[in-house]
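# A structural walkthrough
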Amino acid sequence: QVQLVESGGGLVQAGGSLRLSCAPSGLTFSGYAMGWFRQAPGKEREFVARIKWNVGTTYYEDAVKGRFTISRDSAENTVYLQMNSLKPEDTAVYYCAAAIRYSGNYYRANDYQYWGQGTQVTVSS
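Described in the following lines is the structure provided in the data block. (Residues numbered from 1 in each chain as written. Predicted model: local features only at pLDDT ≥ 70, side-chain atom pairs only at ≥ 80, totals over all residues. Heavy atoms only, no water.)

Here a disulfide denotes a covalent bond joining the sulfur atom of one cysteine to the sulfur atom of another. Considering all chains together, one arrives at one disulfide under this definition. The disulfide partner of C22 is C96, and the S-S distance across this bridge is 2.0 Å. The sign of the S-S torsion, about -75 degrees, decides the handedness of the disulfide formed by C22 and C96: left-handed. Of this pair, C22 sits in strand β3 (residues 18–25) while C96 is found in strand β9 (residues 92–99), placing the two residues 74 residues apart along the sequence. A relative accessible area of 0% places C96 in the buried class. (Disulfide = S-S within 2.5 Å. Helix = DSSP H or I, 4+ residues; strand = E, 2+ residues; numbered from the N terminus. Buried < 20%, exposed > 50% of the residue type's maximum accessible area, 1.4 Å probe, protein only.)

Here it is, written out as structure tokens:
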């Protein structure tokens, strides 16, 4: 059973930065992709970014392009989400997810089999 451990959330002013981290516990990740999703109060969970683990290719939701960067450190078995120029509308619980089965693009929550517990990101105006 894979457990994803997230860290790095918090409170930041608009225009500030945060870096989220996520590491699978108990094993070295060798799956297909890892991604970040977020869920704001009263809204559905939405895709933010993903990275294909072996090749390192990335993809972002339009609202975060140019501000967020997803990366992975294979040696540290960790995926990161660097968030810059944060806006109040980025406020949400952010979830790390891991895909261990092939499904193509990995833009959908259903593409992922394992999820972290979530970390709160709050951006004040």
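The next subject is the sheet that holds strand β1 (residues 3–7). Strand pairing within a sheet occurs via backbone hydrogen bonds; the two strands may be parallel or antiparallel. Spatial strand order, β1-β3-β8-β7: four strands in an open sheet with antiparallel pairing. Pairing within the sheet leaves two strands with one partner each, and these edge strands are β1 and β7 (68–73). On average, adjacent strands in this sheet sit at an angle of 20 degrees to one another, irrespective of strand direction. When β7 meets strand β8 (residues 78–83), the two strands line up antiparallel, connected through six bridges. The residue of β8 that forms the bridge with I70 is L81. (Pairing = 2+ DSSP bridges. Axes fitted to C-alpha atoms, helices over the stretch in contact; angles between N-to-C directions.)

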